[in-house]
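Read off the chains here:
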Amino acid sequence: MGTTPDITLIEEIVRQRLDEILPKKLEETLAQMKANKTPSMTIIATKGTLDWAYPPFILSSTAAALGWNVSIFFTFYGLQLLKKDISDLKISPLGNPGMPMKMPFGPDWFKGINWNIPNLVQAGMPGFESFATTLMQRTIKNNGVAGIAELRSLCLEAGVNMIGCQMTVDLFGFTHEDFIPEVKEYCGAASFLPMAQEADVTLFI
Amino acid sequence: MDFNKDLDTRGLSCPLPILRAKKALNEMQSGQVLRLVSTDAGSVKDFEAFCRQTGNVLLSQTEANKEYIFFLQRK
């Protein structure tokens, strides 16, 4: 009675109690924040061939189906993927030793052959690229793989945000009228980087 | 098992079965069940991940003659 409580004792008790409560509280809050956050992805699409058109559109449409927010920044040859008509995208086996060269028709033994065509022959034969593209399109169809135009419209339908790189639009002499009207934004690196900073996943394709 | 909607994705490859499923689920009411058939072997793992991420429930998955049958319940 009449004695003042020892201030250091109170501080010690408070500190001990906080040490007990805080880590648990922090963990709960973080878990809640994570659960409430919509995942997001940004992709830099830099390639304009039929084969490389697939990864950005497959990943974006799937991410959108998972409920993610997705933005794709199309730059350099990737701008080809924003053109109104993308039915003319091509594939080149020239200098691409990783690409299997198999025929999409005929009996199984024939389809199984990997045609090892020398670069010199590929380069010297007029129309070789168009021939390879036709075979690839047939293979894609045979395997039930979606067409690029279909995948792109599925992306747009699902709200994937498509952005054009203004610098490369100018560099290659394109105009905004060359591209689909769904491209709402043309910007540069300074606009893309803050988007990527906030995203959970960022890919360079 | 009873279901409210049937979706045939046989012959379609990744990611089309998932995209079609998502579209079908969007048009359904909470608690309703979608039956989906796929021939894409990758879809087994993909539908597990899809349900984990979206909160829809994967009620069952079975395989017969290289056809995969999924029952998905809309969350």
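Predicted model only: the values in this text are computed from it and were never measured. Numbering of residues starts from 1 in every chain and runs along the sequence as written. To label them, take the chains in the order written and letter them from A, then take the ligands in the order written and number them from 1. Owing to the predicted nature of the model, reporting of local features is limited to residues with pLDDT of at least 70; listing and counting of side-chain atom pairs is limited to 80 or more, with chain, interface and lining totals taken over all residues.

I'd love a proper account of the overall build of chain B, names of residues and values included.
The helix and strand inventory of chain B stands at 2 helices and 4 strands. Every helix listed is a DSSP run of H or I at least four residues long, and every strand listed is a run of E at least two residues long, numbered separately from the N terminus. N-terminal to C-terminal, the α/β element order of chain B is β-α-β-α-β-β. A principal-axis box enclosing the C-alpha atoms of chain B has dimensions of 30 × 25 × 15 Å. Three exposure classes are used. Buried residues have 20 or more other C-beta atoms within 10 Å of their own C-beta, exposed residues have 12 or fewer, and partly exposed residues fall in between, all C-beta atoms being placed from the backbone. The 75 residues of chain B split such that 29% are buried. It is the C-beta atoms, placed from the backbone, that decide contacts: two residues are in contact if theirs lie within 7 Å. In chain B, of all internal contacts separated by at least 6 residues, the share reaching a separation of at least 24 is 58%.

Please set out the sheet that holds strand E3 (residues 161–165) of chain A residue by residue, giving values where relevant.
All names here are of chain A. The strand order across the open sheet formed by 5 strands is E4-E3-E2-E1-E5, and the pairing between neighbours is parallel. Since the sheet does not close on itself, it has two edges, and those belong to strand E4 (185–187) and strand E5 (201–204), each with one partner. Sheet twist, expressed as the average angle between the axes of neighbouring strands with direction ignored, equals 20°. One bridge is not enough; two strands pair if DSSP finds at least two bridges between them. Inspection of the sheet shows strand E2 (residues 69–74) paired to E3 by 4 bridges, in the parallel sense. Paired with Ile72 across the two strands is Met162, which belongs to E3. Against the sheet, helix H8 (residues 189–198) contacts strand E1 (40–45), E2, E4 and E5, and its axis sits at roughly 140° relative to E1. The angle between two axes is taken between their N-to-C directions and runs from 0 to 180 degrees, where each axis is a line fitted to C-alpha atoms and a helix contributes only its stretch in contact.

Mind laying out the interface of chain B and chain A, listing which residues take part and the relevant values?
Residue-level contacts link 11 residues of chain B with 11 residues of chain A. Put simply, the parts of the chain that give the side of chain B that touches chain A at least two residues each are helix H1 (16–26) and helix H2 (43–54) of chain B. For the side of chain B that touches chain A, a count of residues per class yields 6 nonpolar, 4 polar and 1 charged. Basically, the charged four are Asp, Glu, Lys and Arg, the nonpolar ten are Ala, Val, Leu, Ile, Met, Phe, Trp, Tyr, Cys and Pro, and anything else, Gly included, counts as polar.

Talk me through the pairing of E2 of chain A; I want residue IDs and the actual numbers.
Residues and elements named next belong to chain A. Of all 6 residues that make up E2, 5 are buried, and the element is covered over most of its length. Pairing of E1 with E2, which is carried by 6 bridges, proceeds in the parallel orientation. Paired with Ile43 across the two strands is Ile72, which belongs to E2. Orient the strands so they point away from the viewer; a crossover is then right-handed if the path from the first strand over the helix to the second runs clockwise. As a crossover connection, the stretch from E1 through helix H2 (residues 50–65) into E2 is right-handed.

Give a detailed account of the pairing of E3 of chain A, specifying residues and quantitative values.
All names here are of chain A. Counting buried positions over the 5 residues of E3 gives 4, a clear majority of the element. Sheet analysis places E3 next to E4, joined by 3 bridges and oriented parallel. Its bridge partner lying in E4, Ile163 is registered against Glu185. In the classification by handedness, the crossover that spans E3, the intervening helix H7 (residues 166–171) and the parallel E4 is right-handed.

Account for the packing of H2 of chain A against helix H6 (residues 148–157) of chain A, with residues named and values stated.
All names here are of chain A. Interaxial distance between H2 and H6 falls to 9 Å at its minimum, and their mutual angle equals 30°. As far as their axial angle goes, H6 and H2 are roughly parallel. Note that H2 runs across H6; the crossing there is left-handed. Contacts between H2 and H6 involve Leu50, Ala53, Phe57, Ile58, Ser60, Ser61 and Ala64 from the first element and Ile148, Leu151, Arg152, Leu154 and Cys155 from the second. By residue class, the composition of the contact of H2 with H6 is 9 nonpolar, 2 polar and 1 charged. The cut-offs work like this: below 35 degrees is roughly parallel, past 145 is roughly antiparallel, 65 to 115 is roughly perpendicular, and the gaps in between are oblique. Take the far helix as your reference; a near helix turned counterclockwise from it by less than a right angle gives a left-handed crossing, and one turned clockwise gives a right-handed crossing.

Outline the environment of Ala64 of chain A, listing residues and values.
Residues and elements named next belong to chain A. Of note, Ala64 is situated in helix H2. When the C-alpha positions of Ala64 and Glu157 are compared, they lie 9.6 Å apart, and in sequence the two are 93 residues distant. Among all residues touching Ala64, those that are not within four sequence positions of it are Val70, Cys155, Ala158, Gly159 and Val160.

Run through the sheet that holds strand E3 (residues 57–64) of chain B, naming residues and quoting values.
Residue and element names in this part refer to chain B. Spatially, the 4 strands line up as an open sheet ordered E1-E2-E4-E3, and their pairing is mixed. Each edge of the open sheet carries a strand with a single partner, namely strand E1 (5–9) and E3. Each adjacent strand pair in this sheet contributes to an overall mean axis angle of 15°, direction not counted. Note that E3 and strand E4 (residues 67–73) share 7 bridges and pair antiparallel. Each bridged residue has a counterpart across the sheet, and for Val57 the counterpart in E4 is Gln73. Each of E1, strand E2 (33–38) and E4 touches H1; the most contacted strand, E1, lies at about 160° to it.

Such coordinate-based values are descriptive only and should not be taken to indicate function.
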